[in-house]
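Topology and contacts: notes
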Amino acid sequence: MILTITPNPSLDRTYEVPALDRGEVLRATAERMDPGGKGVNVSRAVAAAGRRTVAVLPLGGAPGALVAELLAGQGIEVAPVPVAGATRSNIALAEPDGTLTKINAPGPELTAAESESLLSTIRTHAGAAAWIACCGSLPRGLAPEWYAELVARAHRAGARIALDTSGPSLLAALRERPDVVKPNAEELAQAVGRPLATVGDAVKAAEELRTYGAGSVLASLGADGQLLVSGTGTYFGSAAVAAVRSNVGAGDASLAGFLAAGGEGPEALASAVAHGAAAVQLPGSVMPSPADLDPSAVTVTADVPLDRPLTEPAS
């Protein structure tokens, strides 16, 4: 079982529009409504692969009730933590060329009692989990050290932790030695405090995160592929993609693929790349099923192209 924690979940509405013209009335050609949040997306991808997952998340108001209903409809066990504030609603506008404009609401402010209830619910389910995936930004009311406390408690329960967050929350949690961290290129650059222009720059930054405490670093480099830097080696993975439809949740699908394949080594990286490549070719934040994956399009190598410039340099 893979347990996911999403401290700031959302109800996501995605509209496909011909073009994004400011000040004009936009007529959507398609729309979707999905439960959102990075950990929620990981659970959705795990469930799509036919594996058991439990999603722990604070939920409040009518949007929260709808998130729980949508997750249950996808075969995901929900461990809700009731909160007084309403779960946030986010909007995404997707254009035909893959450009995505997102409007993310701040979400409710959690009280100290709600924070402790969230940690207690995680502890209740941690013993049965092969992996715990802690994902996304922290809501108002939770200090940057909250993830560090979560990692420490989970390790005491004997669980392995994958952490997908950024900024002060990531840096604070590293001291508790999460087993895997999953930054994208921008988050990686932010963590080490310098720009990344090449794949080699990303490798050095990932190695630095390991010196701070990360067991392994699974880094998403956008269209360029993904890196895995661990104690047993460094690997680079990429996949051919026919057309990008939406990149919402692609990184979350990658993490789900990585953990579902064991969470270590080149085979897990290949699974991560296959899941991410499949996700960007699907609408909105739809998570790929096994039928969407194309392992033959994936290449994983220990011969990392260190001098390759990043398509989108990170600053």
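Here the structure is a predicted model, which is why all the values come from computation and not from measurement.

1. Focus on the pattern of salt bridges
Per the stated rule, a full pass over the model turns up nine salt bridges. Among the ionic pairs, D34 bridges to R32, the shortest N-O distance being 2.8 Å. By relative accessible area, R32 is classed as partly exposed at 33%. The shortest N-O distance in the salt bridge between R153 and E116 comes to 3.2 Å. Linking R153 in helix 4 (residues 146-156) with E116 in helix 3 (residues 112-126), this pair joins segments that are 37 residues apart in sequence. Overlapping salt bridges bring together R32, D34 and R44 as one network.

2. Looking at the packing of helix 1 (residues 38-48) against helix 8 (residues 250-260)
Contact geometry of helix 1 with helix 8 gives a least axis separation of 8 Å together with a crossing angle of 50°. Classified by the angle between their axes, helix 1 and helix 8 sit oblique to one another. Remark: the crossing between helix 1 and helix 8 carries right-handed chirality. Only D252, A253, L255 and A256 of helix 8 make contact with helix 1, whose side of the interface consists of K38, N41, V42, A45 and V46. Here the residues of the contact of helix 1 with helix 8 sort into six nonpolar, one polar and two charged.

What counts, and where the lines are drawn
Residues numbered from 1 in each chain as written. Predicted model: local features only at pLDDT ≥ 70, side-chain atom pairs only at ≥ 80, totals over all residues. Heavy atoms only, no water. Salt bridge = Lys/Arg side-chain N within 4 Å of Asp/Glu carboxyl O. Buried < 20%, exposed > 50% of the residue type's maximum accessible area, 1.4 Å probe, protein only. Helix = DSSP H or I, 4+ residues; strand = E, 2+ residues; numbered from the N terminus. Axes fitted to C-alpha atoms, helices over the stretch in contact; angles between N-to-C directions. Parallel < 35°, antiparallel > 145°, perpendicular 65-115°, else oblique. Left-handed = near helix turned anticlockwise from the far one by under 90°. Contact = heavy atoms within 4.5 Å. Nonpolar A, V, L, I, M, F, W, Y, C, P; charged D, E, K, R; others polar.

Function cannot be read off these values alone, since they describe shape.
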